Amino acid sequence: MRPLLALLLLLLLLAASAAAAPASAPVPTIKLNQLGYLPQANKLALVPAGAGSTFEVLANDGGRVVLRGELGPAASWAPAGDTVRVADFSAVHLPGSYRIRVPGQPLSDVFAIQPAAYREAGKAALKAFYFNRSGTALAARHAGAYARPAGHPDDRVLVHASAASATRPAGTVIAAAKGWYDAGDYNKYIASSAISTYTLLAAYEHFPAWFGGLDLNIPESGDAVPDILDEAMWNLEWMLAMQDPEDGGVYHKLTNLRFDAMVQPHEAMREPRYVVAKSTSAALGFAATMATASRVLAAYDQRWPGLSARMLLAAERAWAWAQAHPNVLFKNPADVLTGEYGDARVDDELAWAAAELYITTGKDSYYQAMAPETVSATVPAWDDVRGLAWMSLAHHRTRLSPIADQALIASRIDGLAARLASEWRSSGYRVGMKGAEFVWGSNAVMLNGAMMLVQAYRLNGRRDYLDAAQSGLDYVFGRNALGLSFVTGFGARMPRHPHHRPSLGDKVMAPVPGFVVGGPQPFQQDKAECPPYPSSLPALSYLDHACSYASNEVAINWNAPLVYVLGALSALTPDPGSHAMTAKNHTREELLRQEAVLQFDSFGNEAALAIGLKLVELARADGKAVAIEIRRNGMLLFAHGMRGTTPDHTDWIRRKSNLANRTGHSSWFVHAEVKANGGDIDAMPTFDVREYAAHGGAFPVVVRGTGQVGTITVSGLPGAEDHALVVRALQDYLGVAGEL
Ligand code: G3I
Ligand code: 9MR
């Protein structure tokens, strides 16, 4: 056959199979994370019960057995009606590709263990936001095969009767351009935008080095701003336009009267678009997001002059509107049939907005308005955002004013994580979700749960919280009842027919990559429009069919926690070969020995410069970003913040070096001491955590015969790694060989 003809036939065949009912890929018997694992992560796979009691991990090249293990006890998981045993192969660290073998079962899929396991997926999950941009053409150089003309410019939007005001009567034309399409539809809603945009901003705020290093190949790539923030800006600009300049109120959504047909954005532009009614939930979600953005973007005032201040003003005006209109709940007007995002309770939005405004402004009145003792912590969702308040307070805890109840913040985060981790430990599938939590967007329930577990791990370093978060990601990438990676474009088996208008309307076979689909849930709200579901069990009630908006749609507020968790696990899971691994296990005596050996005969400006530059060089070689300060008798001799570091690191340096100055020891030594004595490093009785941080990274500069004259301090990595970096630089400078 002529090659061209063969290609044509192949394309026809592929097209036919895409249009037909979805072919159900066989469910693998051994279920694992199809994206792979980080070398030092907890690594679990699921094996059907009754399949024997041992497993082996085989190297994929040649089948050498690298691990033999016992399967865990058979355990059931009601949401899937299944009983399984767990293969725990965490002990395999070496990067490579592997399979799992269980006697009598087909071999598992090939999976990888590698340090960058989540980098490409993290980039794609972020790039998905770019692919959902409204009001702009996607050029081939950025979008490849998914290039498309612009849709929905929204430069002429009508004020709907429900949103009419004296200065903007019904029919007034306003502009509210840019923003992301919400999901598989082409509308834009403040509720989902708020939690999504916040989650991206928080991802950067918490892990600036990891996220700051991602090049997304979007139009703004290469400017002075990390791509993740440029992408967030696309939606923030739209959100700003959703505020009525007259009274500070915020429109609930910008939509057609009814959903567009299942066509490409530029083909769907005949319907008029409206801003629809203001609501309290929109004003508060807007206030929280703008307060966060004002804080995170403050460092980029040169790029966007005055923007940070303008956002804070917008946030405070929206807050004031909500104070004056505390209970305007949104309902779709009779002629509007698009997504409602109606929310019966706004106390959680109020707590969240108050918390963000408190953190950004430092005004105690906002803390009081939050009434924190009345606010519980739950897994975030578009209609329940109180968990975000705790997440932000926990991240900023050391810089809060004295009014903040530090113990309450820690206990809310830990209490939620403890509940999720206990469910994780006892569930057959080793996930933190019960049957009742399988609602529309169940995958995002899993991912937001993982995001909250990450907060607890960051707070108290309990490894089981990190492991439970990892399990949430494993579930989404294939360790689930369907054996399916729920993210388009990633995994051995993945959704091919998401409810996503751009994916359906384009000429490309594969859906736009990087989107997590909603996932299984038993209510099947779309069943009148779909072929029968294969099961009504919560974790099996799923259709890989474009009809299925209730189980197979994509949405910005589901992708945002995917982005967060991919980055968080990459940044937090200890790095193998890194110096951290050795530093972590040092005894008290060994840490004291470092201090005794790494002393100077003299310490001047040149020494500080050489050591500072050495630190930069070592960090660079490891692909890490750190901030560094070296002082002698209080005077600054060297300071540098590598690309990806933030003012937060400067504050860590201040507090870690305070501790080294006060105690005469490395801050990592103090950390180890406090832990060994059963203390809480974030609530030390003798040290105010606002002034002192017992985390590794500050090392005393001791001149023999004189005593301590200064400090060398690094921030940006987990404490053990910051400390180990300083030790390595000092060894190098002082010529001290061997393991220290
Ligand atoms: O929480 C209750 C649960 O307690 C109850 O047992 C269960 C069964 O009634 O329902 C649960 O509530 C569901 C809720 O989602 C949970 O978040 C509602 O039934 C369900 O209708 C609701 O679905 C929302 C859906 O819109 C329909 O309004 C989704 O949350 C929401 O993510 C989705 O958002 C849509 C937009 O409207 C339009 N754009 C696409 C987007 C994604 O599908
Ligand atoms: O495409 C719409 C999707 O974004 C929404 O989540 C979903 C529920 O509100 O509705 C979808 O639109 C469908 C509509 O509700 C019913 N008729 C068919 C539409 C496209 O499948």
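Going by the structure above, here's the rest.
Caption draft 1: Highlighting the site of ligand 2. Near ligand 2 the following residues occur: Asp 185, Phe 259, Trp 440, His 499, Arg 501, Glu 529, Tyr 549 and Glu 553. At 3.2 Å, a side-chain N or O of Glu 529 approaches a nitrogen atom of ligand 2. Glu 553 is positioned with one of its side-chain polar atoms (N or O) 2.6 Å from an oxygen atom of ligand 2. In the complex, 68% of the free accessible area of ligand 2, which totals 440 Å², lies under the protein chains.

Caption draft 2: Spatial organisation of the sheet that holds strand 6 (residues 96-101). One open sheet accounts for four strands, arranged 3-2-6-7; its pairing is antiparallel. In this open sheet, the two strands that pair with only one neighbour each are strand 3 (65-70) and strand 7 (111-113). On average, adjacent strands in this sheet sit at an angle of 30 degrees to one another, irrespective of strand direction. Across five bridges, the pairing between strand 2 (residues 54-59) and strand 3 is antiparallel. Within strand 3, the residue paired with Val 57 across the bridge is Leu 67.

Caption draft 3: Just the state of the cysteines, in detail. In the structure shown here, the tally under the stated rule is one disulfide. Between the sulfur of Cys 530 and that of Cys 547 lies a disulfide, 2.1 Å long from S to S. Disulfide Cys 530 to Cys 547: torsion about the S-S bond roughly 125 degrees, handedness right-handed. In this pair, Cys 530 is assigned in the loop between helix 15 (501-505) and helix 16 (549-552) and Cys 547 in the loop between helix 15 and helix 16, connecting sequence segments 17 residues apart. When sorted by exposure, Cys 530 lands in the same class as Cys 547, which is buried.

Caption draft 4: Quick peek at the side chain of Ser 108. Along the polypeptide, Ser 108 turns up in the loop between strand 6 and strand 7. Owing to a relative accessible area of 3%, Ser 108 belongs among the buried residues under this scheme. Within the local environment of Ser 108, its side chain forms a polar contact with the backbone nitrogen of Ile 100, the two atoms lying 2.8 Å apart. Among all residues touching Ser 108, those that are not within four sequence positions of it are Ile 30, Leu 32, Arg 99 and Ile 100.

Caption draft 5: Layout of unusual backbone geometry. Positive phi outside glycine occurs at Arg 430, with the angle close to 55 degrees. Inspection of the secondary structure assignment puts Arg 430 in the loop between helix 12 (406-426) and helix 13 (442-460). With a relative accessible area of 19%, Arg 430 lands in the buried category. In this model, Gln 524 sits at a positive phi of 50 degrees, which is unusual for a non-glycine residue. Along the polypeptide, Gln 524 turns up in the loop between helix 15 and helix 16.

Caption draft 6: Region of interest: the pattern of salt bridges. On inspection of all chains with the given rule, the structure shows 35 salt bridges. Among the ionic pairs, Lys 123 bridges to Glu 120, the shortest N-O distance being 3.7 Å. With Lys 123 and Glu 120 both in helix 2 (residues 119-131) and three residues apart, this pair spans about one turn of that helix. On the basis of relative accessible area, Lys 123 is assigned to the partly exposed category, the value being 22%. With a relative accessible area of 46%, Glu 120 lands in the partly exposed category. Each member of the salt-bridge network shares a partner with another, and the members are Asp 651, Arg 654, Arg 655 and Glu 691.

Caption draft 7: How the structure looks around the site of ligand 1. Taken together, the neighbourhood of ligand 1 is formed by 13 residues, with Asp 182, Asp 185, Trp 382, Trp 440 and Glu 553 sitting nearest. At 3.1 Å, a side-chain N or O of Asp 185 approaches a nitrogen atom of ligand 1. Measuring from an oxygen atom of ligand 1, one finds a side-chain N or O atom of Trp 382 at 2.9 Å. Computed on the free molecule, ligand 1 has an accessible area of 760 Å², of which 63% lies beneath the protein chains in the complex. Its residues assigned to classes, the shell around ligand 1 comprises eight nonpolar, two polar and three charged.

The rules behind the values
Residues numbered from 1 in each chain as written. Chains lettered and ligands numbered in written order. Predicted model: local features only at pLDDT ≥ 70, side-chain atom pairs only at ≥ 80, totals over all residues. Heavy atoms only, no water. Near = heavy atom within 4 Å. Polar contact = N/O pair within 3.5 Å; in protein donor to acceptor, adjacent residues only side chain to side chain. Areas by Shrake-Rupley, 256 points an atom, 1.4 Å probe, with all protein chains shown as cover. Pairing = 2+ DSSP bridges. Helix = DSSP H or I, 4+ residues; strand = E, 2+ residues; numbered from the N terminus. Axes fitted to C-alpha atoms, helices over the stretch in contact; angles between N-to-C directions. Disulfide = S-S within 2.5 Å. Buried < 20%, exposed > 50% of the residue type's maximum accessible area, 1.4 Å probe, protein only. Contact = heavy atoms within 4.5 Å. Salt bridge = Lys/Arg side-chain N within 4 Å of Asp/Glu carboxyl O. Nonpolar A, V, L, I, M, F, W, Y, C, P; charged D, E, K, R; others polar.

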